Amino acid sequence: MSGADAHDAATCAERGELPRASQRWPRFELACRVESYPEGDECTVYPADAPEDDVTTWLTATEDAFVSLDDCR
């Protein structure tokens, strides 16, 4: 990244934007599901519109990885 590109990227990042249209993150809805197990709860996040038989990327976290929103603020 050249000096000008780095400056543009930093300025955009300060505004909460990405520097170029080609670098924008896609927007999509997510769903989550919490399951309780004897070992603790698990929360799984996945694309809301994913067909059940499609292979998609899901993210699962165990209870010891959860943090409250107040702790993050």
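Residues numbered from 1 in each chain as written. Predicted model: local features only at pLDDT ≥ 70, side-chain atom pairs only at ≥ 80, totals over all residues. Heavy atoms only, no water.

K.L.:
How would you sum up the packing of aromatic side chains? Please name residues and give values.
P.N.:
According to the stated counting rule, one finds 1 aromatic pair in the structure shown. Taking the centre distance of 4.6 Å and the plane angle of 20° together, the rings of Tyr46 and Trp58 count as stacked. Pair noted here: Tyr46 is in strand 2 (residues 40-47) and Trp58 is in the loop between strand 2 and strand 3 (59-62), with a separation of 12 residues, a long-range link. (Phe/Tyr/Trp six-rings, centres within 6.5 Å; stacked < 30°, edge-to-face > 60°. Helix = DSSP H or I, 4+ residues; strand = E, 2+ residues; numbered from the N terminus.)

K.L.:
Can you tell me about the pairing of strand 2, naming the residues and giving the values?
P.N.:
Looking along a regular strand, one sees side chains alternate from face to face of the sheet. Taken together, the 8 bridges between strand 1 (residues 30-37) and strand 2 define a ladder with antiparallel strand orientation. Directly across from Ser36, in strand 2, lies its bridge partner Asp41. With antiparallel pairing between neighbouring strands as the criterion, strand 1 and strand 2 make up a hairpin whose turn holds 2 residues. Pairing analysis gives 4 bridges linking strand 2 to strand 3, with the strands arranged antiparallel. Its bridge partner lying in strand 3, Thr44 is registered against Thr60. (Pairing = 2+ DSSP bridges.)

Read these as spatial facts, not as claims about activity.
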